[in-house]
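Fold and geometry: a report
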Amino acid sequence: MLYMICATDVANSLDKRLAARPAHLERLNALKDEGRLVMAGPLPAIDSPDPGPAGFTGSLVVAEFDSLEDAQAWADIDPYIEAGVYESVVVKPYKKVLP
């Protein structure tokens, strides 16, 4: 089943985010290589695909996991959590309707 992982960043997280990004992307690429990643990306703090120093306010991941517990366990060990980037993380089942 698909699950949505939506994380909210702490204020002024850009430097922490950039430092932990390679490890964060490594985990996302593993999901992609397994054919389980639907989409993933950051939420810009301003209305721009490249927010520059404004940074980001969080992240969204939609991926396939065996259960809500598995999705939560995967989210709980994200490198952004260890680096202090995320203030909170919400994991919920997701049903893709379109396209």
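Anyway, here's the lowdown on the structure attached to this text. (Residues numbered from 1 in each chain as written. Predicted model: local features only at pLDDT ≥ 70, side-chain atom pairs only at ≥ 80, totals over all residues. Heavy atoms only, no water.)

**Describing the environment of Trp-74**
Inspection of the secondary structure assignment puts Trp-74 in helix 2 (residues 68-76). Taking the C-alpha atoms as reference points, Trp-74 and Glu-26, 48 residues apart in sequence, are found 13 Å from one another. When sequence neighbours within four positions are dropped, the list of residues in contact with Trp-74 reads Ile-5, Arg-27, Leu-28, Leu-31 and Phe-65. (Helix = DSSP H or I, 4+ residues; strand = E, 2+ residues; numbered from the N terminus. Contact = heavy atoms within 4.5 Å.)

**So, helix 1 (residues 14-33)**
Compared with the 28 Å implied by 1.5 Å per residue over 20 residues, the 27 Å span of helix 1 between its first and last C-alpha is a close match. Where helix 1 bends most, the angle comes to about 55°, and this point is Arg-21, followed within four residues by the proline Pro-22. Just past helix 1, the residue Gly-35 takes up positive phi, approximately 75°. (Expected span 1.5 Å × (residues − 1). Bend = angle between axes of the 7 residues up to and from the residue.)

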